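These are the residues of each chain, in order.
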Amino acid sequence: MKSQRAELVAETAITLLAERGMRGLTHRAVDETAGLPPGSTSNLARTRSALLELTLERLAELEVAAFEEIFGAAGPGRPDGLGGLGALDALTEMTARVLWAQLTVDRRRTVARYELALEATRRPELRKVYDEVGSRFHDPAAALLAAAGSPDPVRHGRQMVAFSEGVMFDAIVGAGAQPTLDDLRLGIGELLKGMLG
């Protein structure tokens with residue numbers, strides 16, 4: 001993120017997406033909600049596409065920071081550093097904690113990300129940014145699974161991300177009830193045991 005003003009605009013846009021949806025996100029709405037002088041958001045992100053890209057980039061920064069706070073305890077590619085747990089149990093615990101945070105700590109980020117994901121299906125320029133941002137999550141997942149002994153870490157990493165996205169989508173916008181942390185541990189553990197043996 002380039003400046004405090006850019007962070008404020010992007011954070012406000014995330015909140016507006018979560019509260020009002022894509023139609024509620026306008027340059028004027030960001031200015032009003034953030035308490036900025038009229039035209040401030042337009043000066044920073046002239047087009048709607050630029051505003052969406054700025055928002056998506058900030059969203060990715062926030063999510064990466066949240067993930068690093070949990071996964072960072074083990075270090076990159078070391079899912080064995082959580083309280084002396086074995087690699088599989090540690091990876092299960094860390095992934096469950098990440099999902100729990102996404103569903104409870106700042107749910108608005110997850111809702112905003114789904115709004116942007118749907119918009120990216122209609123905007124090729126946003127799809128490009130969305131795919132680039134996605135690699136920030138797929139690549140570490142593959143590295144963690146490789147360290148845990150996966151024979152096909154790239155494929156397994158994608159499956160783990162897809163499973164996680166499905167759980168979040170079901171809990172937030174689907175018909176499913178919100179899972180408990182224990183529910184998440186159980187589901188992720190079963191998935192990882194199936195992949196890793």
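Chains are numbered independently. Their residues run from 1 in the order of the written sequence. For a predicted model such as this one, the threshold for reporting local features is a pLDDT of at least 70, and the threshold for listing and counting side-chain atom pairs is 80 or more; totals across whole chains, interfaces and linings nevertheless cover every residue. To get the side-chain values, take all heavy atoms of the structure and skip hydrogens and water.

**Points about the nonpolar core**
As a reminder of what qualifies: Only buried residues count toward a nonpolar core, which is a set of Ala, Val, Leu, Ile, Met, Phe, Trp, Tyr and Cys residues joined through side-chain atoms within 4.5 Å. In this scheme, a residue with accessible area under 20% of its type's maximum is buried, one over 50% is exposed, and one in between is partly exposed, where area comes from a 1.4 Å probe on protein chains only. Under the scheme used here, helices are H or I runs from DSSP no shorter than 4 residues and strands are E runs no shorter than 2 residues, and both carry numbers assigned from the N terminus. For this analysis, residues touch if any pair of their heavy atoms sits within 4.5 Å.
Core analysis: the largest hydrophobic core is formed by 35 residues, its most contacted members being Leu25, Val30, Leu56 and Leu116. Of all elements in the fold, only α1 (4-20), α2 (27-34), α4 (48-71), α5 (87-104), α6 (107-120) and α7 (124-147) reach the threshold of two or more residues within this core. Counting residues per element, this core draws most heavily on α4, at 9 residues. Ignoring sequence-local partners within four residues, the contact set of Leu25 consists of Ala13, Leu16, Leu17, Val30, Arg48, Leu51 and Leu52. Core analysis: the second largest hydrophobic core is formed by 20 residues, Tyr114, Leu145, Val167 and Leu184 among them.

**Let's talk about the packing of aromatic side chains**
Aromatic ring pairs are reported here in terms of the distance separating the ring centres and the angle at which the planes meet. Definition in use: The aromatic pairing rule takes the rings of Phe, Tyr and Trp, using the six-membered ring of Trp, and pairs them if the centres are within 6.5 Å, calling planes under 30 degrees apart stacked, those over 60 edge-to-face and the rest tilted.
For the structure shown, the criterion picks out 1 aromatic pair. Their ring planes at 85° and their centres at 5.3 Å tell us that Tyr114 and Phe169 sit as a pair that is edge-to-face. One end of the pair, Tyr114, is in helix α6; the other, Phe169, is in helix α8 (residues 153-172), and 55 residues separate them in sequence.

**Observations concerning α1**
For the record, the criterion: The span one expects for a helix is its residue count, reduced by one, times 1.5 Å.
With 17 residues, α1 extends 24 Å from end C-alpha to end C-alpha; this agrees with the ideal 24 Å at 1.5 Å per step. The set of residues buried in α1 consists of Ala6, Val9, Ala10, Glu11, Thr12, Ala13, Ile14, Leu16 and Leu17. Taken from the residues just after α1, Gly21 is the one with a positive phi, measuring 80°.

**Considerations on the pattern of salt bridges**
The test is simple: Salt bridges are defined by distance alone: a side-chain nitrogen of Lys or Arg within 4 Å of a carboxyl oxygen of Asp or Glu.
One pass over the full model with this rule turns up 15 salt bridges. In this structure, the salt-bridge partner of Glu125 is Arg123, at a minimum N-O distance of 3.5 Å. The closest approach of N and O atoms between Asp131 and Arg127, which form a salt bridge, is 3.2 Å. On the criterion of helical spacing, the pair formed by Asp131 and Arg127 is a turn pair, its members being 4 residues apart in helix α7. In this structure Asp131 comes out as partly exposed when scored by relative accessible area, which is 45%. Because the salt bridges share partners, they merge into one network encompassing Glu7, Glu11, Arg58, Glu61 and Arg108.

**A word on the environment of Ala141**
Relative to the helices and strands, Ala141 resides in helix α7. Owing to a relative accessible area of 6%, Ala141 belongs among the buried residues under this scheme. For Ala141 and Gly157, which are 16 residues apart along the polypeptide, the C-alpha to C-alpha distance reads 4.9 Å. When neighbours within four sequence positions are excluded, Ala141 is seen to be in contact with Gly157, Met160 and Val161.

**A closer look at the confidence of the model for the protein chain**
If pLDDT is low for a region, its predicted coordinates should not be looked at in detail. To be explicit about the condition: The quantity known as pLDDT measures the predictor's confidence residue by residue, on a range of 0 to 100.
Residues with a pLDDT of 70 or more make up 91% of the protein chain, whose mean pLDDT is 86. Mean pLDDT in the protein chain bottoms out at α7, which sits at 84, and peaks at α2, which reaches 97. Scored below 50 in pLDDT, residues 74-85 makes 27 contacts in the model with residues more than four places away or belonging to other chains.

**So, the environment of Glu63**
Here Glu63 lies in helix α4. Separated by 38 residues in the primary sequence, Glu63 and Ala101 have C-alpha atoms spaced 9.9 Å apart. For Glu63, the residues in contact, after removing those within four places along its chain, are Gln102, Arg109, Arg113 and Phe137.

**Observations concerning the side chain of Thr110**
Checked against the element boundaries, Thr110 lands in helix α6. With a relative accessible area of 0%, Thr110 lands in the buried category.

**Re the packing of α6 against α7**
This is how it is decided: What counts as an axis is a line fitted to C-alpha atoms, over the stretch in contact for a helix, and the angles between N-to-C directions run from 0 to 180 degrees. For classification purposes, angles smaller than 35 degrees are called roughly parallel, those larger than 145 roughly antiparallel, those between 65 and 115 roughly perpendicular, and all remaining angles oblique. In the scheme used here, Gly and all other residues not listed as nonpolar or charged are polar, with Ala, Val, Leu, Ile, Met, Phe, Trp, Tyr, Cys and Pro taken as nonpolar and Asp, Glu, Lys and Arg as charged.
Interaxial distance between α6 and α7 falls to 8 Å at its minimum, and their mutual angle equals 130°. One element, α6, and the other, α7, form an angle in the oblique class. Seen from α6, the contacting residues are Arg113, Leu116, Ala117, Glu119 and Ala120; seen from α7, they are Leu126, Arg127 and Tyr130. Among the residues forming the contact of α6 with α7, the class breakdown is 5 nonpolar, no polar and 3 charged.

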